[in-house]
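# Results of the structural survey
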Number of protein chains: 2
Amino acid sequence: MMTNLIAGLRAEGRRLTRSRKAILDVLEKSKYPLSAADVHARLKREQVAVDLVTVYRTLAVLKKLGLIAQVELGEGQFRYETRHGREHHHHIRCRGCGRIADLMLCPLKKLTALVERETRFTVEEHSLEFFGWCPKCR
Amino acid sequence: MMTNLIAGLRAEGRRLTRSRKAILDVLEKSKYPLSAADVHARLKREQVAVDLVTVYRTLAVLKKLGLIAQVELGEGQFRYETRHGREHHHHIRCRGCGRIADLMLCPLKKLTALVERETRFTVEEHSLEFFGWCPKCR
DNA sequence: GTGATACGTGCAAACAAGTTGCAATTGAGA
DNA sequence: TCTCAATTGCAACTTGTTTGCACGTATCAC
Ligand SMILES: [Mn+2]
Ligand SMILES: [Mn+2]
Ligand SMILES: [Zn+2]
Ligand SMILES: [Zn+2]
């Protein structure tokens, strides 16, 4: 991951900084996608002083480098999760407590061709999220 | 649809108003999901004076009544579309021009049981959106 | 139809997520 | 170590959405 980060940054003439390492590290350690505010809060907890604006800017860079993925879960905010070492997958969010769990499967791998035929668009990406109730909230 | 609206409203002790009819009507006529601002702009174009705040409040009511669905397409805003007379379906959005097209299929109908087994959540809903390039932008 | 009343609306203000301008700081190559 | 463009922090801003409150109006009982 750090290797990908360095390589990606250099390829665009960008620099490896303490903030960037720390932010990517926070995402690597999380079991679920984090919002910019989440990342910022965790950095603070770890005594890493990084401004929220830098978090936003860094998330944009990491996303452009393809190191993290942006996720939308109906909350009116974006979340981000690392792509390193994790296969393409999706999520489910509890409508009671907000808990987010990974769903390590994707029924769409084979469907791209069909979607392209139906819509006449070229498909580049997709998002698939589920909403429901976790065992505790049910 | 107007029938559903009246019935739904009454069931909750709410009233049928000019604004609510007009907003639902705008959504019924649109071929793609609209943002609150979109709805507001179309009302203005039709000389229907409704405040943007009322649009937001009405969208919330219609959503609660199950008459409209909320859609997220990676834009940092919500869109809404009527459910009346339209089967459950999904969308694709062009990364060039922003055009949104319906995709009248859902590969997930049979998948709920599997998702519930995998995650131990109860599944209530899902969102599936595609991103790519339309013929003109490709 | 009239009146009472609770629901709905407009306007201003507040919020919240995310972005931008700019001066000061710092990573990376020479 | 020096140079300089990339990065950062801070303040201000933009955009999408929500809230408070006084006034307006749909609905219902009479
Ligand atoms: Mn995940
Ligand atoms: Mn649609
Ligand atoms: Zn997938
Ligand atoms: Zn579906």
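It should be emphasised that the depicted structure is a prediction, and the values quoted were computed from it without experimental measurement.

Residues and elements named next belong to chain A. The set of residues buried in helix 1 (residues 2-11) consists of Leu-5, Gly-8 and Leu-9. The arc that holds the buried residues of helix 1, viewed along the axis, is 95 degrees, so those residues lie on one side. Projecting away from the buried face of helix 1 at angles above 90 degrees are the exposed residues Thr-3, Arg-10 and Ala-11. One or two residues past the end of helix 1 sits Gly-13, with phi positive at roughly 70 degrees.

All names here are of chain A. Counting buried positions along strand 1 (residues 68-72) yields 4 of 5 residues, so the element is predominantly enclosed. Two strands pair when backbone bridges link them, and strand 1 and strand 2 (residues 78-82) are joined in this way by 5 bridges, in the antiparallel orientation. Each residue of the ladder has a partner; that of Glu-72, found in strand 2, is Phe-78.

Turning next to the protein's contact with DNA strand D. Looking at DNA strand D, there are 21 residues lining it, with Arg15(A), Thr17(A), Arg20(A), Thr54(A) and Tyr56(B) nearest. What you see for DNA strand D is that sugar and phosphate hold 67% of its atoms within 4 Å of the protein. In the model, a phosphate oxygen of DNA strand D is placed 2.3 Å from a nitrogen or oxygen of the Thr54(A) side chain. With respect to DNA strand D, the side chain of Tyr56(B) contributes an N or O atom lying 2.8 Å from a phosphate oxygen. Secondary structure elements with two or more residues in the surface near DNA strand D: helix 2 (18-29) and helix 4 (52-64) of chain A together with helix 4 (52-64) of chain B. Broken down by class, the residue content of the surface near DNA strand D amounts to 7 nonpolar, 6 polar and 8 charged.

A word on the packing of helix 2 (residues 18-29) of chain B against helix 3 (residues 36-45) of chain B. All names here are of chain B. At their nearest, the axes of helix 2 and helix 3 sit 10 Å apart, and the two run at 105 degrees to each other. With respect to helix 3, the axis of helix 2 lies roughly perpendicular. For the pair helix 2 and helix 3, the contacting residues are Ala-22, Ile-23, Val-26 and Leu-27 in the first and Val-39, Arg-42 and Leu-43 in the second. Among the residues making up the contact of helix 2 with helix 3, the classes are represented as 6 nonpolar, no polar and 1 charged.

Bringing the packing of helix 3 (residues 36-45) of chain A against helix 4 of chain A into the picture now. Residues and elements named next belong to chain A. At a minimum axis distance of 9 Å, the contact between helix 3 and helix 4 shows a crossing angle of 120 degrees. By the angle class used here, helix 3 and helix 4 are oblique. Where helix 3 crosses over helix 4, the two elements pack in a sense that is right-handed. Where helix 3 approaches helix 4, its residues Ala-36, Ala-37, Val-39, His-40 and Leu-43 are matched on the opposing element by Leu-52, Val-55, Tyr-56 and Leu-59. Looking at the contact of helix 3 with helix 4, its residues break down into 8 nonpolar, 1 polar and no charged.

Analysis parameters
Residues numbered from 1 in each chain as written. Chains lettered and ligands numbered in written order. Predicted model: local features only at pLDDT ≥ 70, side-chain atom pairs only at ≥ 80, totals over all residues. Heavy atoms only, no water. Buried < 20%, exposed > 50% of the residue type's maximum accessible area, 1.4 Å probe, protein only. Helix = DSSP H or I, 4+ residues; strand = E, 2+ residues; numbered from the N terminus. Arc of directions from axis to C-beta. Pairing = 2+ DSSP bridges. Near = heavy atom within 4 Å. Polar contact = N/O pair within 3.5 Å; in protein donor to acceptor, adjacent residues only side chain to side chain. Nonpolar A, V, L, I, M, F, W, Y, C, P; charged D, E, K, R; others polar. Axes fitted to C-alpha atoms, helices over the stretch in contact; angles between N-to-C directions. Parallel < 35°, antiparallel > 145°, perpendicular 65-115°, else oblique. Contact = heavy atoms within 4.5 Å. Left-handed = near helix turned anticlockwise from the far one by under 90°.

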